[in-house]
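Structure at a glance
Chain by chain, the residues run as shown.
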There are 2 protein chains.
Amino acid sequence: MKPLRADGRRNRERIVAVAAELVGRDGAQASLEEIARRAGVGSATLHRHFPSRQALLEAIFRDGVAQLCERAAAQPGRDPAAELADWLEELTGYTAANRGLAAALLTGPDGLSAEEICCTDMLLGVLKTLVTRASSAGAIHAGATPEDLMMLANAIAVANEDDPLTARRVLRLALTGIRP
Amino acid sequence: MKPLRADGRRNRERIVAVAAELVGRDGAQASLEEIARRAGVGSATLHRHFPSRQALLEAIFRDGVAQLCERAAAQPGRDPAAELADWLEELTGYTAANRGLAAALLTGPDGLSAEEICCTDMLLGVLKTLVTRASSAGAIHAGATPEDLMMLANAIAVANEDDPLTARRVLRLALTGIRP
DNA sequence: TCTTAAACAGGGGGGCCCTCCGTTTGTCAA
DNA sequence: TTGACAAACGGAGGGCCCCCCTGTTTAAGA
């Protein structure tokens, strides 16, 4: 993977910046043409840099997600189940607040090159360690797999885009169950 | 609301039949143009009968949803919480199995005429009685509102379209919580 | 400076949703 | 039965979208 030419890098950055803004306004379905127009590039340029909508969304959210993942890697605390729940709640709040992210995560990495770091993978990695830690402490039951929890968090976030508070509340409900 | 003319009724039925087939194949985003083409009507006819995609989806699923609601109205059993959980699981399985339904329910009745029976309303009605019953028996905690549960079930279903088994499993997980 | 491959802009094809408007057709009264 | 009328029809067309193809510009290294 050769480094991009200077103009290529410049354009790529502008595209991501504009895309972040428009996805924030219109959600994951933002018009790629408008993104290209506002970034001052042709639509072909956008499609060369990002072969799919999914790839563009990945680029938009990669930094934020990475940051979220770092925060989880902090020192293990007392109650691994509570830690897991807290992080999931934070994840849900974040994805719900960032329009388009939850949908992108739910869709999965549609044919992204394996070389690129992928949001789904990063998050799933973090989640796996948290689940393993909690599980080996006997703090959660076996039915709760990382994949299921990831799906659950994203499903709730995608259903509550623009309402992170509700999303967090419902996730909390889902983690504690309905019984008193 | 005058009854439709004979040709109007015929066309309407054909549209719904074809739409059900194509939504089953392509999901809620099925092409309205193709539906009209296959039904042998002009696109204007389709739009006259169903002013929005939402309205068409409602028509497709109304019968199945009504049936599902009836089944819930059966005699109250021993454990209201289990009843609630069972019905929610059934709902999730059904909506996940019928492509497009979950998405339609999540979107909500977008400007449907109030006269028409609406799937969301039917389901929410059933859910309210189940929750009230369980709640007054002290079998579930107060945080679980009908709206939250509806949203939760639909979110899981929409995230697992075409995989009703996974959808049911994850819903069960969400209703029991992660602790052992 | 010069060469050349990478990156570019814009146009065009194909598809979609939805509305306008002239035409056909079912219905009901005479 | 017939005829008038309102209801329902369907095709064309506007506006938008995504994506690919083409010839042109330009940055980077010799």
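How each quantity is defined
- Residues numbered from 1 in each chain as written.
- Chains lettered and ligands numbered in written order.
- Predicted model: local features only at pLDDT ≥ 70, side-chain atom pairs only at ≥ 80, totals over all residues.
- Heavy atoms only, no water.
- Helix = DSSP H or I, 4+ residues; strand = E, 2+ residues; numbered from the N terminus.
- Buried < 20%, exposed > 50% of the residue type's maximum accessible area, 1.4 Å probe, protein only.
- Contact = heavy atoms within 4.5 Å.
- Buried area = accessible area lost by both parts, 1.4 Å probe.
- Salt bridge = Lys/Arg side-chain N within 4 Å of Asp/Glu carboxyl O.
- Polar contact = N/O pair within 3.5 Å; in protein donor to acceptor, adjacent residues only side chain to side chain.
- Nonpolar A, V, L, I, M, F, W, Y, C, P; charged D, E, K, R; others polar.
- Near = heavy atom within 4 Å.
- pLDDT = per-residue confidence, 0-100.
- Core = buried A, V, L, I, M, F, W, Y, C linked by side-chain atoms within 4.5 Å.
- Expected span 1.5 Å × (residues − 1).
- Domains from an automatic or database assignment.
- Least-squares fit on C-alpha atoms with pLDDT ≥ 70 in both.
- Axes fitted to C-alpha atoms, helices over the stretch in contact; angles between N-to-C directions.
- Parallel < 35°, antiparallel > 145°, perpendicular 65-115°, else oblique.
- Left-handed = near helix turned anticlockwise from the far one by under 90°.

Describing the overall build of chain A
- Helices and strands together make up the secondary structure of chain A, namely nine helices and zero strands.
- The secondary structure elements of chain A, listed N-terminal to C-terminal, are α-α-α-α-α-α-α-α-α.
- A principal-axis box enclosing the C-alpha atoms of chain A has dimensions of 55 × 35 × 25 Å.
- For chain A, buried positions account for 48% of its 180 residues.

Observations concerning the interface of chain A and chain B
- Listed as interface residues are 30 residues of chain A and, on the opposing side, 30 residues of chain B.
- Summed over both partners, the interface of chain A with chain B comes to about 2,500 Å²; 67% of that surface belongs to carbon and sulfur atoms.
- Inspection of the region where chain A meets chain B yields four salt bridges.
- We note a salt bridge from Asp79 of chain B to Arg179 of chain A, for which the minimum N-O separation is 3.6 Å.
- Where chain A touches chain B, the interface holds eight residue pairs in polar contact (both at pLDDT 80 or more).
- Class assignment for the residues of the side of chain A that touches chain B results in 19 nonpolar, seven polar and four charged.

Remarks on the protein's contact with DNA strand C
- The immediate surroundings of DNA strand C are formed by 24 residues, with Arg5, Asn11, Gly42 and Ala44 of chain A together with Arg53 of chain B found nearest.
- Within 4 Å of the protein, the contacting atoms of DNA strand C are 60% sugar and phosphate, with bases supplying the remainder.
- A distance of 2.8 Å separates a phosphate oxygen of DNA strand C from a polar atom in the backbone of Gly42 of chain A.
- Contact between DNA strand C and Ser43 of chain A: a base oxygen at 3.5 Å from a side-chain N or O atom of the residue.
- Elements represented by at least two residues in the surface near DNA strand C include exactly α1 (6-26) and α3 (43-49) of chain A together with α1 (6-26), α2 (32-39) and α3 (43-49) of chain B.
- If you tally residues by element for the surface near DNA strand C, the top one is α3 of chain A, at five residues.
- Counted by class, the surface near DNA strand C contains seven nonpolar, ten polar and seven charged residues.

Focus on the protein's contact with DNA strand D
- Taken together, 24 residues lie near DNA strand D, and Ala6 and Arg53 of chain A together with Arg5, Asn11 and Ala44 of chain B sit nearest.
- Note that a phosphate oxygen of DNA strand D is positioned 2.9 Å from one of the side-chain N or O atoms of Arg53 of chain A.
- If you list the elements that add at least two residues to the surface near DNA strand D, you get α1, α2 (32-39) and α3 of chain A together with α1 and α3 of chain B.

Observations regarding the confidence of the model for chain A
- Chain-level pLDDT for chain A is 90 on average; 92% of the residues reach the 70-or-more range.
- Mean pLDDT in chain A bottoms out at helix α6 (residues 101-107) of chain A, which sits at 85, and peaks at helix α9 (residues 164-176) of chain A, which reaches 97.

Here we look at the nonpolar core
- Grouped together as the largest cluster of nonpolar side chains are 123 residues, with contacts concentrated most on Ile35 and Leu149 of chain A together with Ile35 and Leu149 of chain B.
- Those residues in contact with Ile35 of chain A that sit more than four places away from it in its chain are Ile15, Val18, Ala19, Leu22, Ala30, Leu46 and Leu56 of chain A.

Digging into helix α7 (residues 119-136) of chain B
Residues and elements named next belong to chain B.
- An ideal rise of 1.5 Å per residue puts 26 Å on 18 residues; α7 measures up with 26 Å between its terminal C-alpha atoms.
- For α7, the complete set of buried residues consists of Cys119, Thr120, Met122, Leu123, Leu124, Val126, Leu127, Leu130, Val131 and Ala134.
- Positive phi appears at Gly138, one or two residues downstream of α7, with a value of about 70°.

Topic: the domain arrangement of chain A
All names here are of chain A.
- The domain architecture assigned to chain A consists of domain 1 (1-50) and domain 2 (61-176).
- In this assembly, seven residues from domain 1 lie in contact with five residues from domain 2.
- Across the domain 1/domain 2 interface, buried area totals approximately 380 Å², and carbon plus sulfur atoms make up 54% of it.
- Summed over the shared surface of domain 1 and domain 2, the number is zero salt bridges.
- The interface formed by domain 1 and domain 2 contains one residue pair in polar contact (both at pLDDT 80 or more).
- Counted by class, the side of domain 1 that touches domain 2 contains three nonpolar, two polar and two charged residues.

Considering the relation of the copies chain A and chain B
- Overlaying chain A with chain B gives an RMSD of 0.1 Å, the required rotation being 179° about an axis along which the chain moves by 0.0 Å. Classification of the inter-copy transformation places it as that of a two-fold axis.
- The fraction of interface residues of chain A whose copies in chain B are also interface residues reaches 100%, indicating that both copies meet through the same surface.

Looking at the side chain of Asn160 of chain A
- Secondary-structure assignment places Asn160 of chain A in the loop between α8 (146-159) and α9.
- Here Asn160 of chain A falls in the buried class, since its relative accessible area comes to 8%.
- Non-local contacts of Asn160 of chain A, meaning those with residues more than four positions away in its chain, are made with Ala96, Thr166 and Ala167 of chain A together with Met151 of chain B.

With respect to the side chain of Glu34 of chain B
- Along the chain, the position of Glu34 of chain B falls in helix α2.
- Here the side chain of Glu34 of chain B touches Arg25 of chain B through a polar contact of 3.5 Å, side chain to side chain.

A few points about the packing of α7 of chain B against helix α8 (residues 146-159) of chain B
Residue and element names in this part refer to chain B.
- As a packed pair, α7 and α8 sit with axes 9 Å apart at the nearest point and diverge in direction by 125°. As the angle between them shows, α7 and α8 are arranged oblique. Handedness of the crossing formed by α7 with α8: right-handed. Contact residues: Thr120, Leu123, Leu124, Leu127, Lys128 and Val131 in α7; Pro146, Glu147, Leu149 and Met150 in α8.
- Among the residues making up the contact of α7 with α8, the classes are represented as seven nonpolar, one polar and two charged.

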